[in-house]
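Listed below, chain by chain, are the residues.
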Amino acid sequence: MHRCGDGQNGHMTSQPVVSVRDLRKNYGTFTALDGVSFDIHRGETFALLGPNGAGKSTTIEILEGYRDRSGGSAIVLGVDPGKGGLDWKARLGIVLQSTGESGAVTVREQLTHFAGYYPNARDVDEVIAAVGLEDKQKTLIRKLSGGQRRRVDVALGIIGRPELLFLDEPTTGFDPEARRQFWQLIERLKSEGTTILLTTHYLDEAAQLGDRAGVIAGGKLIDIGRIDEIGGADARVPVVRWYQNGVLHEQRTTTPGAVVAALGEPEGLEVVRPSLEDIYLELVREHDAGDTRETRETRDGTDETDTADEAEGATA
Amino acid sequence: MTTISMTSPARTLRLGASRIVYEVRSYFRQGDTVFFTFLFPVVMLTIFSVAFSEQNFGTDNKSLTAAAFYLPGMLAAGLLLSGLQNLAVDIAGEKSDGTLKRFAGTPLPVLSYFIGKIGGAFVTAVLQAIVLLLVARFAFGVDLPTEPGNWLTFAWVFTLGVGTSAILGIALSALPRSGKSATAVIIPIALVLQFISGVYLAFSQLPEWLQNFASVFPLKWMAQGMRSVFLPNYFEAAEVSGEWNLAGVAIVTSIWLVAGLLVTRLTFRWIRKDS
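Per chain, residue numbering runs from 1 following the sequence as it is written. Lettering of chains starts at A and numbering of ligands starts at 1, both following the order in which they are written. Under the rules for a predicted model, residues below a pLDDT of 70 receive no local features and side-chain atom pairs below 80 are neither given nor counted, while totals for whole chains, interfaces and linings still include all residues.

Participant: Could you give an account of the interface of chain B and chain A, naming the residues involved and the relevant values?
Facilitator: Working definition of a contact: two residues with C-beta atoms, positioned from the backbone, lying within 7 Å. In this complex, chain B contributes 25 residues to the contact, which on the side of chain A involves 26 residues. Where helices and strands are cited, they refer to DSSP runs of H or I of at least four residues and of E of at least two residues respectively, numbered from the N terminus. Mapped by element, the contributors of at least two residues to the side of chain B that touches chain A are α1 (9-28) and α4 (99-104) of chain B. Here the side of chain B that touches chain A takes five residues from α1 of chain B, the largest share from any one element. For this scheme, ten residues count as nonpolar: Ala, Val, Leu, Ile, Met, Phe, Trp, Tyr, Cys and Pro. Four count as charged, namely Asp, Glu, Lys and Arg, and the remainder, Gly too, count as polar. Its residues assigned to classes, the side of chain B that touches chain A shows nine nonpolar, nine polar and seven charged.

Next comes the structure, spelled out in C-alpha cells:
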C-alpha cells in the first residue's frame, strides 16, 4: 500500500515532511484546535477527516502558512510554515477549499502563466490532459462550470511539481466520472513520490487514496492510523444480517463463517464489513456523546460545531 | 533540487513582465473596465467638444475650441482612472475573490505583482492617451504641440502621473471592505477629485478655498502639467500663481508617490492573517 517514489533515494528514513505537535488555535475565547499532533512521511497520502467546523481547514491552513497558530509546533518541509519564504512555497502545491476568482483568462493561459512561477514546472499540456480539460483549454475560466473550475484549481496545485500537495476538499462538485479520473491522477502523483495531505467529506475517496488517516472532531485528533486500522479492531468486526419471519437480525462476530453455517439458508443473508464511512461515523458519534456530557458540565450547552463553523467562516 | 534563487532580481523582473502581459490581457477582456476607465475620458472629451462646439474658450481675439480646451484635463483624468481608480477597484476585488490568497501560496514575489499592476496601468494609460490624442487631432481638429520641449514635459508628467496614480490605487485598495463595495467607495473619490482639480470645470473659475483644497491632491498638478503642454502660452497667466509652475507639479506629485509607497509598504498583505 505505502509507496515511495522509486527515484527518491532513501527519503523514507529522513525526517517527516509534515510534523505537528500539540497544535493549538484560539479565535478569541473559542478553541478551534486543542492540541493536535501527527506526522506525514515522504511519499505518504494522509487523509484528515472530520465534521464541518472540526478544525480540518484550520489545521491545513496553518500548515500552508495562511494562519498563525496559537500554540504548539508545526514543521513543513523543514520550515516553520508561519515563516516560509518563496523557496519554501516553490515546493508546495495548494488546492484551497474555495474557488472564488472569476478569471478573464483561458485555462491554458492561466496554467502557462502559473508554470512560470516555478523552477521545475510540469508540462502544461500534460497537466491539462491529467485534469481532463483538453476540450476547455481555450475557454475563459469564468465561463467554466463549478466542477471544471475545481479541476483548474487542482491543475494549478500540481503545475509546480510540488513535493507536498495540500488538497482541501478537492473533488467538491465533481461528477462520478471526474472523481474517478481525479483518483487516477492522485495515484500517478503518489507513484512519483508526491506527499499529499487530503481533507475530504467523501470517505470512499479517503479509503481509496489515503495511506493513513486522522479523524479530528471538536479540535482534537480522536483517532489516527492506517486506513485499515482506523477505529481499532473492534470497529471492524463483521456483521451478519439476515431476516427471520420478516424481522431483521444482526450479529457482530469475529467468526461470521461459523454463524452463517449455523443459520442455514435464511432470507436476505449478508456478511457486512464496516466501511471507513461506518467506522468514521461511529467514531464521531462516540466523540459527540462524550463531548456533549463534557459540554453540559462546563459550557452551558452551546453547540460547539456551529461555533466552530462561524469561527472558520469569519476568518476564511 | 533547483539552484535558482526565488528572490533574485532577474526572476522578480521576469515574473513582473509576465504579470504585465497577464494584467493587460485581462483588462481588455472586462467590458466594464474598458468603458469606465479606458474609454471614459474619450467619451467625456467627445461630449464636451460637441456640446460646446459653438463656444470660444480662448480670448476675444484668439479662438480656442472646446476640444483643445478640455484635452489636457481629459489626459490627466486618464492618468487617474487607469492608475488609481482601476487598480484600487481591481485589487480590492482580487482580495475578496481569493486571487491574492492563491498568490500567497505560490512563489510569486509581491514586487512582481506590483510591477504587473503598475506596468499594466502604464500600458493601458499610454494606449488611452494615444486614443485621446488621435480623437482630438483627427475628429476635432485640435492642433497638437510641435515643440520637442512640450513633448518632453508631457513624457515626464505622464510617467510620474501614472506611477503616482497607480501606487495610490494600490494603497487605496485597502479601503473598501469588500470587492463588491469597491466601486462604490473608490469612484466617488475619483469623481470628486476630477471636479475640483480642473478636469471638467476650469480650475481658475473655482473659489479660492476650493483651489487651495484641491492643490493638496496630485490630480490638480497633473492637470496643470498637461495644460502647460497643450494650451497656448497666454493661458499661463490664468493659473493660480500666474505660471505653469512645473516644479510644483514635480514636487507635489512626487510627495504623493512616496506617501503611496510608504502606505503600500506598511499595509499591503496578500491576506489578512487572523491574530
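Additional details are given in the paragraphs that follow.
Participant: Any details on helix α10 (residues 246-267) of chain B? Residues and values, ideally.
Facilitator: Residues and elements named next belong to chain B. Counted at 1.5 Å a residue, the expected span for α10 with its 22 residues is 32 Å, and the 31 Å between its end C-alpha atoms agrees. Exposed residues have 12 or fewer other C-beta atoms within 10 Å of their own C-beta, buried residues have 20 or more, and residues in between are partly exposed; the C-beta atoms are placed from the backbone. Among all positions of α10, only Val249, Val252, Thr253, Trp256 and Gly260 are buried. Mapping the buried residues of α10 onto a view down its axis gives an arc of 95°, with all of them on the same face. Summarising the geometry of α10, the exposed residues directed more than 90 degrees from the buried face are Ala247, Ile251, Val258, Leu262, Arg265 and Leu266. By this rule, a helix spans an expected 1.5 Å times one less than how many residues it contains. Working note: the arc is built from the helix axis to C-beta atom directions.

Participant: Tell me about the sheet that holds strand β11 (residues 247-252) of chain A, and please be specific about residues and values.
Facilitator: Strand pairing in a sheet relies on backbone hydrogen bonds. The paired strands run either parallel or antiparallel. Residue and element names in this part refer to chain A. Any two strands with at least two DSSP bridges between them are considered paired. A sheet is described by the order of its strands in space; here three strands give the open sequence β11-β10-β12, paired in antiparallel fashion. The open sheet is flanked by β11 and β12 (267-272), the only strands paired with a single partner. When the angles between neighbouring strand axes are averaged without regard to direction, this sheet yields 15°. Geometry is summarised by axes, namely lines fitted to C-alpha atoms with helices restricted to the contacting stretch, and by angles between N-to-C directions that run from 0 to 180 degrees.

Participant: Outline the pairing of strand β5 (residues 92-95) of chain A, supporting the account with residue identities and numerical values.
Facilitator: Residue and element names in this part refer to chain A. Of the two faces of β5, the one carrying Leu92 and Ile94 and the one carrying Gly93 and Val95 are both buried. Looking at chain direction, β5 and strand β6 (residues 164-168) are connected through four bridges and run parallel. Bridge pairing in β6 links Gly93 to Leu165.

Participant: Describe the packing of α1 of chain B against helix α5 (residues 110-139) of chain B, naming the residues involved and giving the relevant values.
Facilitator: Residue and element names in this part refer to chain B. Remark: α1 packs on α5, axes separated minimally by 7 Å, with the N-to-C direction vectors making an angle of 45°. The angle between α1 and α5 places the two elements in the oblique class. Remark: the crossing between α1 and α5 carries right-handed chirality. Of the residues in α5, those in contact with Thr12, Leu15, Gly16, Arg19, Ile20, Tyr22, Glu23, Val24 and Tyr27 of α1 are Leu111, Ser112, Tyr113, Ile115, Gly116, Lys117, Gly119, Gly120, Val123 and Thr124. Class assignment of the residues belonging to the contact of α1 with α5 gives a composition of nine nonpolar, seven polar and three charged. An angle below 35 degrees is treated as roughly parallel, one above 145 as roughly antiparallel, one from 65 to 115 as roughly perpendicular, and anything else as oblique. The hand of a helix crossing depends on one turn: near helix anticlockwise from the far one by less than a right angle means left-handed, and clockwise means right-handed.

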